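The chain contents come next:
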Amino acid sequence: MRSHKVIEIRNLTPSTYIIRMEKNDFTFKTGQYITLGFSGSIDRREYSIYSSENDEHLEVLIKEVENGLVSKKLKRCKPGDKLDIDGPFGHFSLQNDEINKKKFLFIATGTGISPIHSFIATHPEMDYRLLHGVRKEEEAYERDSYENGNYILCTSREKTGDFHGRVTEYLKQNPVSSDTVCYLCGNCHMIYEAYDILEKQGVQLGPIHTEVYF
Ligand SMILES: Cc1cc2nc3c(=O)[nH]c(=O)nc-3n(C[C@H](O)[C@H](O)[C@H](O)COP(=O)(O)OP(=O)(O)OC[C@H]3O[C@@H](n4cnc5c(N)ncnc54)[C@H](O)[C@@H]3O)c2cc1C
């Protein structure tokens, strides 16, 4: 376990924030996650790494969960506080031999965009489309990080996104070519449904990568 000093907190919405920490000698493969909590506390939770492999600091994107213990506490952390990190963990990662050869479709709901942000920030030259499913437009976390036209915001509660409806509805109306490599990250309902739709569209199931948050 390592202790990392908080550098800054970036509030993206009233409930969602990014914690930037010192990286020290921590290394990870883009797509992996850490466990995070205040130094000395036994309460820790898993958070995907938002920053790129090459950034000089480490960032996580967190949504405060109603009645949540750790996501609420971390929202109150301040520059200079020490956080304990364990990891990196997980196998949600890109295949080196595919990165510059394949077409990618990333499908994320809510903060499930975090490891995808890390993929794209680490490999900005990738050929990708990103479907981001949220309730409201304000949850389009730092959409300027993605190349114009590659990011499609699907809003289910407002008509303010690029598409009004869930990512799964977008997928049904906009079929995917079978040579696409798909990565899914977010809530399990979206993942199960999107998986079925992609299977019916003939996308080989091997290259579908999933990460279920809870
Ligand atoms: C591999 C992995 C990566 C993750 N990466 C991220 C990430 O990058 N950003 C992020 O914000 N979260 C991420 N999570 C979720 C995170 O680990 C916590 O579960 C979340 O922050 C809630 O913790 P808490 O202590 O605040 O809530 P808890 O005190 O554990 O739970 C309080 C209540 O909220 C419910 N709940 C728990 N988690 C959620 C949730 N995510 N949404 C809605 N309700 C919930 C519980 O069922 C419970 O009723 C990830 C989870 C996993 C497994």
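Residues numbered from 1 in each chain as written. Predicted model: local features only at pLDDT ≥ 70, side-chain atom pairs only at ≥ 80, totals over all residues. Heavy atoms only, no water.

- Named according to an unreviewed UniProt entry, the protein chain is Oxidoreductase originating from Marinifilum caeruleilacunae.

**Quick notes on the sheet that holds strand β12 (residues 209-212)**
Turning to step 1, where the next piece is worked out: Read across the open sheet, the six strands follow the order β10-β9-β8-β7-β11-β12; overall the sheet is parallel. This sheet does not close on itself; its edge strands, each paired only once, are β10 (163-164) and β12.
Turning to step 2, where the next piece is worked out: Of the strands in this sheet, β7 (103-109), β8 (127-134), β9 (151-155) and β11 (181-186) are in contact with helix α2 (residues 113-122), which crosses β7 at around 150°.
Turning to step 3, where the next piece is worked out: Along the sheet, helix α4 (residues 188-200) contacts β7, β11 and β12; its crossing angle with β11, the most-contacted strand, is approximately 160°. (Pairing = 2+ DSSP bridges. Helix = DSSP H or I, 4+ residues; strand = E, 2+ residues; numbered from the N terminus. Contact = heavy atoms within 4.5 Å. Axes fitted to C-alpha atoms, helices over the stretch in contact; angles between N-to-C directions.)

**Some details on the environment of I99**
Turning to step 1, where the next piece is worked out: In this fold, I99 is placed in the loop between β6 (82-89) and β7.
Turning to step 2, where the next piece is worked out: A relative accessible area of 4% places I99 in the buried class.
Turning to step 3, where the next piece is worked out: Note: C-alpha distance between I99 and S177 (78 residues apart in sequence) is 17 Å.
Turning to step 4, where the next piece is worked out: Discounting chain neighbours no more than four positions away, the residues touching I99 are L94, F104, H123, E125 and M126. (Buried < 20%, exposed > 50% of the residue type's maximum accessible area, 1.4 Å probe, protein only.)

**What to know about the nonpolar core**
Turning to step 1, where the next piece is worked out: Counting residues in each nonpolar core, the largest one holds 25 residues, and the members touching the most others are F106 and L130.
Turning to step 2, where the next piece is worked out: Elements that contribute at least two residues to this core include exactly β7, α2, β8, β9 and β11.
Turning to step 3, where the next piece is worked out: Here this core gets four residues from one element, more than from any other, and that element is α2.
Turning to step 4, where the next piece is worked out: Each of domain 1 (2-89) and domain 2 (103-212) accounts for three or more of the residues forming this core. (Core = buried A, V, L, I, M, F, W, Y, C linked by side-chain atoms within 4.5 Å. Domains from an automatic or database assignment.)

**Re the site of the ligand**
Turning to step 1, where the next piece is worked out: Within the structure, the ligand sits among 19 residues, and R45, E46, Y47, L61 and S71 are positioned closest to it.
Turning to step 2, where the next piece is worked out: Here L61 contributes a backbone N or O atom positioned 2.8 Å from a nitrogen atom of the ligand.
Turning to step 3, where the next piece is worked out: Summarising the interface, the protein chains cover 71% of the accessible area of the ligand, which totals 910 Å² for the free molecule.
Turning to step 4, where the next piece is worked out: Put simply, the parts of the chain that give the shell around the ligand at least two residues each are β4 (45-48), β5 (57-63) and α1 (70-75).
Turning to step 5, where the next piece is worked out: For the shell around the ligand, the element with the highest residue contribution is β4, accounting for four residues.
Turning to step 6, where the next piece is worked out: Among the residues forming the shell around the ligand, the class breakdown is nine nonpolar, six polar and four charged.
Turning to step 7, where the next piece is worked out: Split by domain, the shell around the ligand shows at least three residues from each of two domains, domain 1 (2-89) and domain 2 (103-212). (Near = heavy atom within 4 Å. Polar contact = N/O pair within 3.5 Å; in protein donor to acceptor, adjacent residues only side chain to side chain. Areas by Shrake-Rupley, 256 points an atom, 1.4 Å probe, with all protein chains shown as cover. Nonpolar A, V, L, I, M, F, W, Y, C, P; charged D, E, K, R; others polar.)

**Some thoughts on unusual backbone geometry**
Turning to step 1, where the next piece is worked out: The linkage connecting G87 with the following residue, P88, adopts the cis geometry, with an omega of 5°.
Turning to step 2, where the next piece is worked out: Inspection of the secondary structure puts P88 in strand β6.
Turning to step 3, where the next piece is worked out: Even without being glycine, N24 reaches a positive phi, approximately 50°.
Turning to step 4, where the next piece is worked out: For N24, the location among the structural elements is in the loop between β2 (16-22) and β3 (33-38).
Turning to step 5, where the next piece is worked out: Of note in the backbone geometry, N67 takes a positive phi value of approximately 65° without being a glycine.
Turning to step 6, where the next piece is worked out: When you line up the elements, N67 lands in the loop between β5 and α1.

**A few points about the side chain of H117**
Turning to step 1, where the next piece is worked out: Along the polypeptide, H117 turns up in helix α2.
Turning to step 2, where the next piece is worked out: The exposure class assigned to H117 is buried, which follows from its relative accessible area of 10%.
Turning to step 3, where the next piece is worked out: Those residues in contact with H117, other than ones at most four positions away along the chain, are Y50, S145 and Y146.

**Things to note about the pairing of β9**
Two faces make up the sheet, and in a regular strand the side chains alternate between them.
Turning to step 1, where the next piece is worked out: By the criterion of burial, β9 is predominantly enclosed, with five of the five residues buried.
Turning to step 2, where the next piece is worked out: The alternating pattern of β9 places Y151, L153 and T155 on one face and I152 and C154 on the opposite face, and all of these are buried.
Turning to step 3, where the next piece is worked out: Here two bridges tie β9 to β10, and the two strands are oriented parallel to one another. Bridge assignment links C154 to a residue of β10, and that residue is F163.

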